[in-house]
Amino acid sequence: MILYNLNHLRILEAEAIYVIRETAAQFENPALLFSGGKDSIVMTHLARKAFWPARIPFPLVHIDTGHNFPETIAFRDKMVEEIGANLIVRSVQDSIDQGRAVEEKGPNSSRNILQTVTLLDAIEELKIDAALGGARRDEEKARAKERFFSHRDEFGQWDPKNQRPELWNLLNGRKHMGEHFRVFPLSNWTEMDVWQYLAMEKLEIPSIYFSHQRECVRREGTILANSSFIKVRENENPEVITVRYRTVGDMTCTGAVESAASTLTEIINEIAIARVTERGTRTDDKRSETAMEDRKKQGYF
């Protein structure tokens, strides 16, 4: 049995739906950034609720690194087909082939940061003026500085000191030509809220969130899936481990946690006593003390 505060979750739901509807009302060409992860699944569900019985009035946009978990891509395609959404995919590999981005080298190379180039190009190409994302303020200290409507300049860059006040639920979407906004309806949610909402709404999520056996390598305190996208070092011995994922991203930087949690109830109980944050398994956040904020200033999600 899963215990949750129904009133608390419905308040968060209503707030998020309000932000989504305000986005549709204030902007001409919004889009929902969709990764196939649990937060973007909740976002898509909320968007469906916001405009039901009509379909979601804007596209889902996936920035594909090419190094995704296959379970996530399969889930993405299945979900989009079931709900009848318009999915637009833009590829980091295309950015590399066009000389717009340069592949990292070395044993810890990742395409995660390269998504920024592809994302900004997609925003310009598709003329997106509001990109809805599932980021939450509890995820990382840089994300705690975001507003619901987070302004980006004409270069797609974020200045945390130049954001609009949001008093009495008034959201200011005014912008100059070439600028856009990132919109975060889940800002006031926590990881626990997301898991409990998934359980309450009985939403389907990719299988990698549940306990399973996977061949992995242990690297500097992180458990990485052994795949053709990473280079196994001489001192690393791939082994089959019972794991699950708390967050889903590029396979080269998304760490797993050892876990036997195979149901939402077990996951919620596990999260309740976890001592490591959700993004504590992400190696891209460990490159420096300000890794996330630096990426966000350049135009990252």
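Scroll up for the structure.
Predicted model only: the values in this text are computed from it and were never measured.

Conventions used here
Residues numbered from 1 in each chain as written. Predicted model: local features only at pLDDT ≥ 70, side-chain atom pairs only at ≥ 80, totals over all residues. Heavy atoms only, no water. Helix = DSSP H or I, 4+ residues; strand = E, 2+ residues; numbered from the N terminus. Rg over C-alpha atoms; globule rule 2.2 N^0.38 Å. Buried < 20%, exposed > 50% of the residue type's maximum accessible area, 1.4 Å probe, protein only. Contact = heavy atoms within 4.5 Å. Areas by Shrake-Rupley, 256 points an atom, 1.4 Å probe, with all protein chains shown as cover. Lys, Arg positive; Asp, Glu negative; His and termini not counted. Charge placed at Lys NZ, Arg CZ, Asp CG, Glu CD. Phe/Tyr/Trp six-rings, centres within 6.5 Å; stacked < 30°, edge-to-face > 60°. Lys NZ or Arg CZ within 6 Å of the ring centre and 35° of its normal. Salt bridge = Lys/Arg side-chain N within 4 Å of Asp/Glu carboxyl O. Pairing = 2+ DSSP bridges. Right-handed = clockwise from strand over helix to strand, strands pointing away. Axes fitted to C-alpha atoms, helices over the stretch in contact; angles between N-to-C directions. Parallel < 35°, antiparallel > 145°, perpendicular 65-115°, else oblique. Nonpolar A, V, L, I, M, F, W, Y, C, P; charged D, E, K, R; others polar.

Draft legend 1. Geometry of the overall build of the chain. Each helix and strand counted, the chain has eight helices and 10 strands in total. Computed over the C-alpha atoms, the radius of gyration of the chain is 19 Å, within 12% of the 19 Å expected from 2.2 N^0.38 for a compact globule of 301 residues. For the chain, the C-alpha atoms occupy an extent of roughly 55 × 50 × 35 Å along the three principal directions. The proportion of buried residues among the 301 residues of the chain is 54%. Taking as baseline every contact in the chain between residues at least 6 positions apart, the subset at least 24 positions apart corresponds to 74%. Here the chain has roughly 14200 Å² of accessible surface; of this, 51% comes from carbon and sulfur atoms. If the 41 positive side-chain charges of the chain are averaged to one point and the 46 negative ones to another, these points end up 2 Å apart.

Draft legend 2. Examining the packing of aromatic side chains more closely. In this structure the tally under the stated criterion is seven aromatic pairs. Joined through ring pairs, the aromatic side chains of Phe27, Phe149 and Phe181 make up one cluster. The ring of Phe148 is capped by Arg137, whose NZ or CZ atom sits 5.2 Å from the centre of that ring.

Draft legend 3. Focus on the pattern of salt bridges. One pass over the structure, following the stated rule, counts 20 salt bridges. Residues Glu201 and Arg10 are paired through a salt bridge, measuring 3.0 Å at the closest nitrogen-oxygen approach. Of this pair, Glu201 sits in helix 6 (residues 191-201) while Arg10 sits in helix 1 (residues 6-26); the two residues are 191 residues apart in sequence, bridging distant segments of the chain. On the basis of relative accessible area, Glu201 is assigned to the buried category, the value being 17%. On the basis of relative accessible area, Arg10 is assigned to the partly exposed category, the value being 32%. As a salt-bridge pair, Glu146 and Arg152 come within 3.3 Å of each other at their nearest N and O atoms. With respect to burial, Glu146 and Arg152 carry one shared label: buried. Put simply, Arg10, Glu13, Lys49 and Glu201 are held in one network by salt bridges that share partners.

Draft legend 4. Up close: the sheet that holds strand 8 (residues 222-225). In space, the four strands of this open sheet follow the order 8-7-9-10, with antiparallel pairing throughout. Edge positions in the open sheet fall to strand 8 and strand 10 (257-258), since each of these has one partner strand only. Alignment of strand 9 (residues 239-244) against strand 10, held across two bridges, turns out to be antiparallel. Bridging from a neighbouring strand, Arg244 pairs with Val257 of strand 10.

Draft legend 5. Structural detail: the pairing of strand 2 (residues 60-64). The element strand 2 is extensively covered by neighbouring structure, given that five of its five residues are classed as buried. For strand 1 (residues 30-33) and strand 2, the ladder comprises two bridges, and the chain directions are parallel. Pairing of Leu33 across the sheet is with Val61, part of strand 2. Once you follow strand 1 into helix 2 (residues 38-51) and on to strand 2, the crossover reads as right-handed.

Draft legend 6. Molecular detail of the packing of helix 1 against helix 2. Running from amino to carboxyl end, helix 1 crosses helix 2 at an angle of 70°, the nearest separation of the two axes being 9 Å. In terms of axis orientation, helix 1 runs roughly perpendicular to helix 2. Here Arg10, Glu13, Ala16, Ile17, Ile20, Arg21 and Ala24 of helix 1 lie close against helix 2, whose contacting residues are Met43, Leu46, Ala47, Lys49, Ala50 and Phe51. Classifying every residue of the contact of helix 1 with helix 2 gives nine nonpolar, no polar and four charged.

Draft legend 7. Quick peek at helix 6. Counting buried positions along helix 6 yields 11 of 11 residues, so the element is predominantly enclosed. Those residues of helix 6 that sit buried are Glu191, Met192, Asp193, Val194, Trp195, Gln196, Tyr197, Leu198, Ala199, Met200 and Glu201. Where helix 6 is buried, its residues contact helix 1, helix 2, strand 9 and helix 7 (264-272). Just downstream of helix 6 lies Lys202, where phi reads positive at about 55°.

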